[in-house]
Structure formats: structure tokens, C-alpha cells
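Architecture at a glance
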Amino acid sequence: MKKAFVPGGRFTPAAVFLSAALGFATAISSPAASQAMPDINELPEGPGREEVFYNCYACHSFRIIKQQRLPESTWDELMDWMVEKQAMPPLSPDDRKAIVKYLGKHYGPNVPR
Amino acid sequence: MTRKSPKKQERGLCELYENDPERADSVVFGRVAENDRRGFLKGAGLATMGAIVGSSIPFSRNMPAGLIPQALAQDKKDFKIEGKEGMTVHNDRPINAETPAHLLDPDLTPNKHFFVRNNGLVPEKASDPDAWELTIDGEVNSPMKIKLGDLKRQFTNVTIQGQLECGGNGRMGFNPPARGNQWTVGAVGNAQWKGVRMADVLKKAGLKPSAVYTGHEGADPHLSRDPKKLSISRGVPMHKALDPETLIVWEMNGEALPLIHGGPLRVVAPGWPGSCSQKWLTRVWVRDKEHDGPGMTGVSYRVPAFPVAPGTKVANKDMAVINSMPVKSVITYPKSGTKVAADKPVMVRGHAWAGDLQVKEVHVSVDFGATWQKADLKAAPNAHAWQRWSAQIKLPMKGYYEIWARATDDRGVSQPVVIPGWNPRGYLNNSSHRISVTAA
């Protein structure tokens with residue numbers, strides 16, 4: 001098992017260079033850069049949580065998900081909308097099924113806000 | 001980003017990188033290590049990592065496989081929007097935040113309290129704002145590119161007050177719930193804007209008779225980081241584009257237009273859905289038909305052309321684009337939840353607005369709408385600015401009260417006290433604002 005090049009851990013010259021480059025990139029970028037580190041525990045436990053965590057966070061934070069109360073059918077339509085209009089890479093059928101089921105269950109119309 | 005984990009173990013990103021960095025790379029960013037141990041990031045994976053660290057990564061080819069981006073490793077703080085205070089944050093990527101009603105009390109909403117609605121990412125700040133370039137093209141005789149510095153010098157500078165409101169303000173009230181940011185009452189604000197009239201700029205370019213609509217484009221990167229995609233591109237019909245209070249602005253409340261509000265250059269088309277007021281403006285494309293950029297078509301910023309039952313599926317052809325926003329008001333003082341004195345006069349105040357129209361009257365009720373009392377209402381300093389209203393109320397005895405406000409426009413149309421007509425995307429909820437107070 002290989003160790004990650006996390007700050008404070010093992011550094012190679014390339015990693016040091018890269019950290020500097022990233023630090024620079026962050027410093028010149030917009031306020032949008034100051035995002036919180038995502039934590040999977042922001043999402044309720046259950047089947048499909050990992051699929052939601054990795055696929056959705058690629059483009060947007062979880063706050064937009066948690067605000068919604070939509071039936072599975074609408075979540076399913078949203079997957080098409082994200083592929084067609086928002087440049088999301090198409091999900092594998094298994095991932096899509098798991099994601100839509102998870103969202104419909106945890107962020108469905110009858111879940112209290 | 002198709003991913004199949006060997007064992008269904010759930011864990012956080014840091015832990016994932018700690019245990020198996022190469023797998024983490026592959027699941028999170030679709031990055032596969034090459035023989036030289038450097039990861040090759042491309043396409044969606046590169047876009048994803050760029051989106052997460054908030055910038056493109058110029059040296060991505062050099063990035064060692066399994067390296068957790070430092071921007072992620074370091075930043076574990078709660079999300080805070082630079083230059084903002086006291087906001088209710090609905091989303092942090094893209095950034096969307098509204099203003100609690102009591103912070104809307106000043107006649108001019110301070111920049112630090114003005115709501116933020118973004119569809120994409122915030123672009124990098126322009127190092128030389130006066131060199132920012134705007135293109136005017138399409139159905140004009142002389143297409144032009146003009147720098148912000150020249151815009152300031154060559155056209156009459158105009159300062160107005162104008163209110164902007166998100167088309168989805170109040171979305172939270174609809175049932176069945178509509179998708180999108182669940183705005184309550186505070187996706188609205190009134191600022192002083194300095195700029196030039198869009199009409200003057202369009203006249204300089206020379207409108208052809210075929211000009212019917214504008215299409216606005218901005219520099220905000222799409223969430224996917226695909227440089228060919230626009231985050232949003234809306235526009236207005238020619239009569240609104242030529243309105244003397246539709247401006248191209250570089251100043252907000254006496255300050256250089258803040259980055260988060262579209263600086264250095266944006267459209268302000270006050271009284272219409274905020275999305276007509278394109279931020280980070282780079283182009284006004286004059287169209288010979290209703291503009292069809294992202295956010296103009298389908299069910300976006302549209303409502304059914306006829307009333308529908310809640311939850312109805314409405315065909316795209318039956319959806320009509322929103323123009324002027326409807327009459328509305330907000331109670332900014334006292335703050336909801338405040339204790340007040342029973343049987344003594346209590347000052348209540350707020351603002352009212354009506355899209356392109358004026359507000360004629362505001363009424364308040366302290367008995368759940370059974371009786372209404374007329375409030376004092378000031379004229380707007382100019383059309384499209386919101387209007388101050390105030391009233392003295394008396395709460396007859398100890399107990400819980402709600403204060404409701406209801407504005408009426410100059411065509412006699414009032415705010416409903418219940419949620420108005422349901423629509424698929426949850427726009428135009430202009431129902432009465434209600435606050436609660438306890439009299440003691």
C-alpha cells in the first residue's frame with residue numbers, strides 16, 4: 001500500500017513543487033475556492049451514499065441536494081438534465097439506479113425539512 | 001466517472017487518499033497512474049479537480065498520482081463568502097445566499113448583505129478592470145468591441161437605484177416542492193448602480209429593424225469547467241433593453257462592482273428576474289428572435305401560460321418566459337421573533353416593489369388578515385427602486401401575533417396572502433411576508 005503525499009507526510013521534490021503551484025492557483029482564484037472539505041457524513045447513511053458522494057460533488061456541493069424534496073421520478077429526470085445541459089459524464093446504469101433511489105428516499109417529498 | 005468499489009465501505013475523502021491514493025484518484029477524479037508514476041488527468045477528471053480546488057491546474061501533468069490536492073487537505077473550515085456577513089447560505093458551489101429580512105432594512109442594501117445567485121463558478125478577478133472588453137454584435141449595423149474604460153468615457157454616466165430579485169425568490173413556499181435553491185424572502189435587494197444606458201450603447205452600434213431580443217454572455221466558468229459551455233445566458237426583449245433604467249454598470253453603492261456581484265461589469269435590468277442582469281458581462285448579442293441561451297428555454301425562468309394544478313407536468317410549448325416581476329413587499333423591522341410592548345404603539349416598516357410598475361398602497365394586518373391598516377408609503381426615488389413603507393401598530397394584549405404586509409401596484413393588483421399559482425420550477429411566489437412578535 002502506497003502512502004499519500006499529504007502535507008505533513010512524505011514529500012518528494014515534485015510534491016513540494018506541486019503544493020506551491022496549487023497554493024498559487026488557490027490564492028489567485030475566486031472566493032469560490034474557499035470550500036469546505038467534503039465529508040461523507042454530511043449525507044445520511046444508506047445504500048447509494050458513496051455513489052452520491054463521489055459523483056455529485058464533482059460539480060456541486062451537497063447543500064443544493066439537501067434543500068430538495070423530490071420524488072424518484074424527478075431525480076431521475078434531473079440525471080438526464082445534468083447530462084444533456086450541464087455536461088455531466090453519463091452515469092453507469094448501476095450508479096444511476098443507486099443514486100436515484102438514495103435521493104428519492106432521503107430527499108423525497110415526504111421527508112421533513 | 002463510473003466506479004465500482006470492491007467492498008462497500010463508506011469513508012471520507014481524506015481517509016480514502018490515506019489508505020489507497022491511487023484508487024482515490026481513480027474514484028474521485030477518474031485519474032489513472034502511468035508508468036512514470038505521474039497521474040494523467042484529463043477531460044472530466046481534470047475538470048473535476050479544477051472545480052474542487054476552485055481553479056484550473058496548469059501543471060496537472062506533473063501532479064504525482066495519489067497526491068491529495070493541498071487545497072482540499074488544508075481547508076476544513078466552514079464555508080464563508082468573502083465580503084459577506086449574516087447571510088443564509090443555500091449553496092457554496094455554485095454560491096447562492098440570501099439576506100435575512102431584518103438586514104434588508106436600509107433603503108440601500110449594503111453590498112455585504114446583498115443576495116448572491118450564481119449559476120456557475122466565480123471567475124478570476126480582472127487585474128485591470130478598465131481593460132475589460134465588451135462585444136456588441138448580432139442584429140446591429142456596426143458590431144463593436146469596447147473596453148470598460150472607453151465605455152465610461154464615451155457614454156453618459158447614469159446613477160439610479162434599482163431593485164433586483166431572483167425569479168425563484170419564495171420558492172420554498174411551493175408544494176409539491178420545486179427543484180432549485182429553496183429561497184425564502186431574501187433573494188432581493190436594492191442598490192445604487194452607476195453605469196451607462198444599454199440603449200445608448202445599442203444605438204451607437206445601430207440596431208437593425210430585425211433586432212427583437214438581447215442575449216447576454218458572461219465570463220463565469222460552467223460548473224463542469226467545460227470552457228465551451230456558458231453557465232447562463234439570458235436576455236430581454238428590445239423594449240426592456242431600451243428602457244432608460246436598463247444599465248451596463250461598474251459601480252454598486254459607490255464602490256467598484258464587487259467580483260461576487262459580477263465585477264467589473266454587469267447588466268442591471270431592474271424589476272425583471274435577476275438572471276436578466278448578466279454578471280461578468282462580455283457580450284450583448286442582439287438577436288432576431290427570443291434569445292435561446294442556457295436559462296432561456298424549457299422550464300427555466302418560465303411559468304405555465306395558463307393556470308395549472310399543483311404538480312402538473314407542463315409541456316415546454318406551454319411555458320412562457322417571465323418578464324416583469326410581480327408586486328411584493330418585505331417587513332424589515334422589527335426582526336421576526338422580537339418581543340414588543342403590549343398596548344403601546346409599535347413601529348413596523350419595510351419596502352415594497354412591483355417590477356416595472358409602482359406600488360400604490362401597502363397594508364398591514366396583526367390579526368391574520370381579518371383587518372388591514374393602511375401604511376405610509378414613500379414614492380420611489382426613481383422608477384425601479386423599491387419604496388419605503390411604515391406603519392404604527394398596536395397589539396391590544398399580551399400574546400403571540402403575526403404581522404403581515406400586503407402591497408398593491410398601480411394597476412390595482414395586490415399580493416396574495418396565500419401561495420400563488422404553482423408552477424414547475426417554483427417562480428414568482430409573491431405571497432405576503434409574515435413575521436411573528438410576542439407582546440408582553
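Scroll up to find the structure.
Residues numbered from 1 in each chain as written. Chains lettered and ligands numbered in written order. Predicted model: local features only at pLDDT ≥ 70, side-chain atom pairs only at ≥ 80, totals over all residues.

1. Focus: the overall build of chain B
- The number of helices and strands found in chain B is 7 helices and 25 strands.
- In chain B, which comprises 440 residues, the proportion classed as buried is 52%.
- In chain B, once contacts between residues fewer than 6 apart in sequence are set aside, the share between residues at least 24 apart is 67%. (Helix = DSSP H or I, 4+ residues; strand = E, 2+ residues; numbered from the N terminus. Buried ≥ 20, exposed ≤ 12 C-beta atoms within 10 Å, placed from the backbone. Contact = placed C-beta atoms within 7 Å.)

2. A few points about the overall build of chain A
- Check the secondary structure of chain A and you find 5 helices and 0 strands.
- Within chain A, the proportion of its 113 residues that are buried is 35%.

3. Examining the nonpolar core
- Core analysis: the largest hydrophobic core is formed by 99 residues, its most contacted members being A:Leu103, B:Ile248, B:Ala352, B:Val359, B:Val362 and B:Ile403.
- Setting aside anything within four residues of it in sequence, one finds A:Leu103 in contact with A:Val52, A:Ile65 and A:Trp75.
- Core analysis: the second largest hydrophobic core is formed by 6 residues, B:Tyr301, B:Met319, B:Ile322 and B:Leu428 among them. (Core = buried A, V, L, I, M, F, W, Y, C linked by C-beta atoms within 7 Å.)

4. Some remarks on the environment of B:Ala199
Residues and elements named next belong to chain B.
- For Ala 199, the location among the structural elements is in helix 6 (residues 198-205).
- With 47 residues separating them along the chain, Ala 199 and Thr 246 place their C-alpha atoms 7.6 Å apart.
- If we skip the residues at most four places from it in the chain, Ala 199 touches Ala 241, Leu 242 and Pro 244.

5. What to know about unusual backbone geometry
- In this structure, the amide linkage connecting B:Arg93 to the following residue, B:Pro94, adopts the cis form with an omega of 0°.
- With respect to the helices, strands and loops of the structure, B:Pro94 is situated in the loop between strand 3 (88-92) and strand 4 (95-98).
- Put simply, B:Tyr333 and B:Pro334 share a cis peptide bond, and its omega is 0°.
- Structurally, the position occupied by B:Pro334 is in the loop between strand 17 (328-333) and strand 18 (338-340).
- Backbone geometry places A:Ala87, a non-glycine residue, at a positive phi of 60°.

6. Focus on the sheet that holds strand 18 of chain B
All names here are of chain B.
- Spatial ordering of the open sheet is given by 18-25-24-20-21, a layout of 5 strands whose pairing is mixed. In this open sheet, the two strands that pair with only one neighbour each are strand 18 and strand 21 (373-374).
- Of the strand pairs in this sheet, strand 18 and strand 25 (residues 433-439) are connected by 3 bridges, and their pairing is parallel. Bridging across to strand 25, Thr 338 finds its partner in Val 437. (Pairing = 2+ DSSP bridges.)

7. Regarding the pairing of strand 25 of chain B
- Summarising the sheet, strand 24 (residues 399-409) of chain B and strand 25 of chain B pair through 7 bridges and their orientation is antiparallel. Paired with B:Tyr400 across the bridge in strand 25 of chain B is B:Thr438.

8. Description of helix 6 of chain B
Residues and elements named next belong to chain B.
- Those residues of helix 6 that sit buried are Met 198, Val 201, Leu 202 and Ala 205. Mapping the buried residues of helix 6 onto a view down its axis gives an arc of 95°, with all of them on the same face.
- Gly 206 occupies a position one or two residues after helix 6 and carries a positive phi of about 80°. (Arc of directions from axis to C-beta.)

9. Examining the pairing of strand 20 (residues 359-365) of chain B
Residue and element names in this part refer to chain B.
- Most of strand 20 is tucked away: 5 of the 7 residues are buried.
- Both strand 20 and strand 21 contribute to a ladder of 2 bridges, which runs antiparallel. When the sheet's bridge partners are listed, Val 364 is paired in strand 21 with Gln 373.

10. A closer look at the sheet that holds strand 23 (residues 387-394) of chain B
All names here are of chain B.
- Pairing within the open sheet is antiparallel, and its 4 strands lie in the order 17-19-23-22. Taken across any chain shown, the strands that pair with only one partner, and hence form the sheet edges, are strand 17 and strand 22 (376-377).
- The pairing of strand 19 (residues 345-353) with strand 23 spans 8 bridges and is antiparallel. Paired with His 351 across the two strands is Arg 388, which belongs to strand 23.

11. Here we look at the packing of helix 2 (residues 49-57) of chain A against helix 5 (residues 93-106) of chain A
All names here are of chain A.
- Where helix 2 contacts helix 5, the two axes come as close as 8 Å, and the packing angle between them is 105°. With respect to helix 5, the element helix 2 is oriented roughly perpendicular. Residue-level contacts link Arg 49, Glu 51, Val 52 and Asn 55 of helix 2 to Asp 95, Ala 98, Ile 99, Tyr 102 and Leu 103 of helix 5.
- Class assignment of the residues belonging to the contact of helix 2 with helix 5 gives a composition of 5 nonpolar, 1 polar and 3 charged. (Axes fitted to C-alpha atoms, helices over the stretch in contact; angles between N-to-C directions. Parallel < 35°, antiparallel > 145°, perpendicular 65-115°, else oblique. Nonpolar A, V, L, I, M, F, W, Y, C, P; charged D, E, K, R; others polar.)

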